[in-house]
Amino acid sequence: MFLFLKRFKKYIYFDNSSTNQKPKILYKSTINTIQKKNFNLNRGEYNFSNKNDILFKKLKFLFKKLIKINFIEEIFFFYNSTFSINFIIINLINFLKNTNEILISKTEHNSVLIPLLKLTKNKKIVIIICPIIKLLIFKNIFCNYINNNTIIFAISHISNNYGIIVKIKNLLNICRYNNILSIVDSTQSISYINTNLKKINSDFLFFSFHKLYSLTGVSVLYCNINFINKLNPYFLGGGSSILKKYTLKLKKLDEKFYFGTQNIFSLFSSYYSIKWFIKNKKYIFCINYFLKKNLFYFLKKRNKNCVNTILICSKNGFFF
């Protein structure tokens, strides 16, 4: 299934926090994209371009099925997860006041923390850090850190630095009840935990393609449809706007955020690998859980701390 594991049979690859190995179907779809789908989006009305537009919509339907959302217009494709979180924060600047507070946990990734710290320089906004006790965020403690000035809550579903899995459903329900915007970094969890946005009710959620056994250079940003018209595209170009009667008008919904040439190589090459992931995700989740449970039990028994598991050599069924 994975060419890397077929070549190096004595190794077990656990480095999903950085990237993961690619299935064989990705190599075939990559060659197919170069040969048959190398045509730009929104750049003409000929047959090949129209087929790519249809494939682009079908790709969105795959993610609609994966994360359980209502509309494909709620999905944006950007360059990476860091770009997605910066895009959200830049758009939320206009909604923030000097008295507002942003609530985060102490396990946040630098891609989330650094843009928020930059935000505090432009406005006198306070960042509140919610404590984690015994690798958990307790609801009663979380509620004590919420007040009338809290406007944003940012959380990583899984922290690859600390190995913490946050039970975000109850926390996001508390945020929704208190009219607090929620931002979920699902980059580390999308290939490990089933994500259902109809249940967790997050306003924003983002993750990367390469976590789903696909190519790098593309991220998926989910935005609740109630906020799409309130967000502004800070980058403009061909495809994001139309010229009518000498006036420039932005396109509707998600189309106004697609400026210039899209990364069609990673988008279309990843279509079949993501389709493969959706078909086999229950087996992947089961294997990941089994390996995590047994590996950490093995290391704990030998009094070894393991935060970022990478490449482990296996010989005769034993780990080294």
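Preceding block: the structure.
Bear in mind the structure is a predicted one, so any value in this text is a computation, not a measurement.

Using the criterion set out here, one finds 14 aromatic pairs in the structure. Aromatic side chains Phe63 and Phe207 sit 5.9 Å apart centroid to centroid with 45° between the ring planes, which places their arrangement in the tilted category. With Phe63 in helix H3 (residues 47-67) and Phe207 in strand S9 (residues 204-208), the pair connects residues that are 144 residues apart, well separated along the chain. Considered together, Phe63 and Phe207 belong to a single accessibility category, that of buried residues. A ring pair is formed by Phe142 and Phe153, whose centres lie 4.9 Å apart and whose planes are at 70°; its orientation type is edge-to-face. Pair noted here: Phe142 is in helix H6 (residues 139-144) and Phe153 is in strand S5 (residues 150-156), with a separation of 11 residues, a long-range link. Relative accessible area serves as the criterion here: at 2%, Phe153 is assigned to the buried category. Among the aromatic side chains, those forming a connected cluster through ring pairs are Phe56, Phe63, Phe77, Phe207 and Phe209.

Within strand S3 (residues 101-105), 5 of the 5 residues are buried, leaving the element largely enclosed by the surrounding structure. Residue alternation in S3 divides its side chains into two sets, Glu101, Leu103 and Ser105 and Ile102 and Ile104, and both sets are buried. Judged from the 5 bridges that link them, S3 and strand S4 (residues 126-130) form a sheet pairing that is parallel. Bridge pairing links Ser105 to Cys130 in S4. Note that S3 and S5 share 4 bridges and pair parallel. Each bridged residue has a counterpart across the sheet, and for Glu101 the counterpart in S5 is Thr150.

Criteria and thresholds
- What you see as residue numbers is a count from 1 along each chain, following the sequence as written.
- Confidence filtering applies because this is a predicted model: local features only for residues at pLDDT of at least 70, side-chain atom pairs given and counted only at 80 or more, and all residues used for totals across whole chains, interfaces and linings.
- Hydrogens are left out, water is left out, and the side-chain values use all remaining heavy atoms of the structure.
- Each Phe, Tyr or Trp ring, with Trp reduced to its six-membered ring, pairs with another whose centre is within 6.5 Å; inter-plane angles below 30 degrees give stacked pairs, above 60 give edge-to-face pairs, and intermediate values give tilted ones.
- Under the scheme used here, helices are H or I runs from DSSP no shorter than 4 residues and strands are E runs no shorter than 2 residues, and both carry numbers assigned from the N terminus.
- In this scheme, a residue with accessible area under 20% of its type's maximum is buried, one over 50% is exposed, and one in between is partly exposed, where area comes from a 1.4 Å probe on protein chains only.
- Paired strands, in this sense, are two strands between which DSSP finds at least two bridges.

Everything listed is a geometric property; what it means functionally is a separate question.
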